[in-house]
Structures are given as C-alpha cells and as structure tokens.
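Observations on chain architecture
This is what each chain is made of:
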Amino acid sequence: SKLEEKLRSSQDFEGVQAAFSQFLSNLETQCFLSSQLVHSSIMNTLKCCESLTKKVLLNASRGKEIVENEIKAADKEFSRLQMLLVTVLGRQAATGRAPHLTRLLTRIDYNGFVS
C-alpha cells in the first residue's frame, strides 16, 4: 500500500508521522467523516431501507402482507433521499477535491437508474 511504501522510505520520525497523517486524512475523507451532509444523507437513505425491511419482516412474522400504500410511501421517501444523496455527492465531486466521489457516483448509477 501507499502507506507502507512511505513508511519504508521514511528516514525519520517526522516522515513516518507525515505519512500516517496523510493516511488518516485520506481515510477520513473517503469514509465521508469530514462531510456531515454526505454522511447524514447516506445514513438516512440506509435507514429508509432498514425501516421498510423491518415492516416487511414484522408483517411476515404476523402472517400479513405489507400494505401497498406503505410500499409506495417508502418508495417515494427512498427516491427523495437517493436524489438528495446523488445531488450532494455530485456537488462535492464537482469541486475536484475528492476523485473517489466520481467513482462512487459512477457505481451508484452504473445502470442509469439515477440519470
């Protein structure tokens, strides 16, 4: 890995410290920890999916089917959250400071579902 290469080539403690600091900074950025808006958008989208899954499982355990309007409401909310997430990611990617976001957006929309 890049970190291992930098650690091996470092001649002193400051070099090791700089390499590790760069590694942590990259990790923080790529995990969306530095952008509360991106992080919350991802979490809200996942919570929406989790909520529908719980409803389906609860109804299944009771021998019931989920009501169609609940599915439509969940679909509407998911679509809203998904578009918000893609918009937020797109704005962040447009700055050019986060090339990993461009790759993520491509993966999210690999089949043209969003665009």
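Just so we're clear, the structure is a prediction, and the values are computed from it rather than from any experiment.

**Concerning the overall build of the chain**
- Across its full length, the chain carries five helices and zero strands.
- Across the chain, helices and strands are ordered from the amino to the carboxyl terminus as α-α-α-α-α.
- In summary, the chain has a C-alpha radius of gyration of 20 Å against a globular reference of 13 Å for 115 residues, an excess of more than 25%.
- Principal axes of the C-alpha set define a box for the chain whose edges measure 65 × 30 × 25 Å.
- For the chain, buried positions account for 20% of its 115 residues.
- For the chain, long-range pairs separated by at least 24 residues make up 48% of all intrachain contacts whose partners lie at least 6 apart in sequence.
- In the chain, 15 positive and 12 negative side-chain charges are present, and the distance between their average locations comes to 5 Å.

**Section: the pattern of salt bridges**
- Enumeration over the complete set of coordinates arrives at three salt bridges.
- For E68, the salt bridge goes to K72, with nearest N and O atoms at 3.3 Å. Taken as a pair, E68 and K72 lie in helix α4 (residues 68-94) at a separation of four residues, close to a single helical turn. For the pair E68 and K72, one class covers both residues: exposed.

**Topic: helix α5 (residues 99-108)**
- Burial in α5 covers these residues: H100, L101 and L105. Projection of α5 onto a plane perpendicular to its axis shows the buried side chains occupying an angular sector of 140 degrees, all on one side. In α5, the exposed residues that point more than 90 degrees away from the buried face are P99, T106 and R107.
- Considering only its buried residues, α5 is in contact with α2 (13-30) and α4.

**Remarks on the state of the cysteines**
- This model, assessed by the stated rule, comprises zero disulfides.
- Here C48 stays unpaired: no disulfide links it, and the sulfur of C49, its closest cysteine neighbor, is 5.6 Å away.

**Here's the deal with the environment of D109**
- Relative to the assigned elements, D109 resides in the segment after α5.
- Linking D109 and V86, residues 23 residues apart in sequence, is a C-alpha distance of 9.1 Å.
- Those residues in contact with D109 that sit more than four places away from it in its chain are V114 and S115.

Scoring rules and cut-offs
Along each chain, the written sequence defines residue order, and numbers are assigned to residues from 1. For this predicted model, a pLDDT threshold of at least 70 governs which residues receive local features, and a threshold of 80 or more governs which side-chain atom pairs are given and counted, while totals over whole chains, interfaces and linings are taken from all residues. Computation of side-chain values: all heavy atoms of the structure, hydrogens and water removed. What counts as a helix is a DSSP run of H or I of at least four residues, what counts as a strand is a run of E of at least two, and both are numbered from the N terminus. The quantity called the radius of gyration is restricted to C-alpha atoms. Its globule counterpart is 2.2 Å times the number of residues to the power 0.38. Only protein chains enter the calculation, and the probe is 1.4 Å; a residue is then buried if its accessible area is under 20% of its type maximum, exposed if over 50%, and partly exposed in between. Whether two residues touch is decided by their heavy atoms; if any such pair falls within 4.5 Å, the residues are in contact. None of His or the chain ends enter the tally, which takes Lys and Arg as positive and Asp and Glu as negative. Every charge is mapped to an atom, namely NZ of Lys, CZ of Arg, CG of Asp or CD of Glu. Within this document, salt bridges are pairs made up of a side-chain nitrogen of Lys or Arg and a carboxyl oxygen of Asp or Glu, the two lying within 4 Å of each other. In this description, the arc belongs to the directions extending from the helix axis to the C-beta atoms. We call a pair of cysteine sulfur atoms a disulfide whenever their separation is within 2.5 Å.

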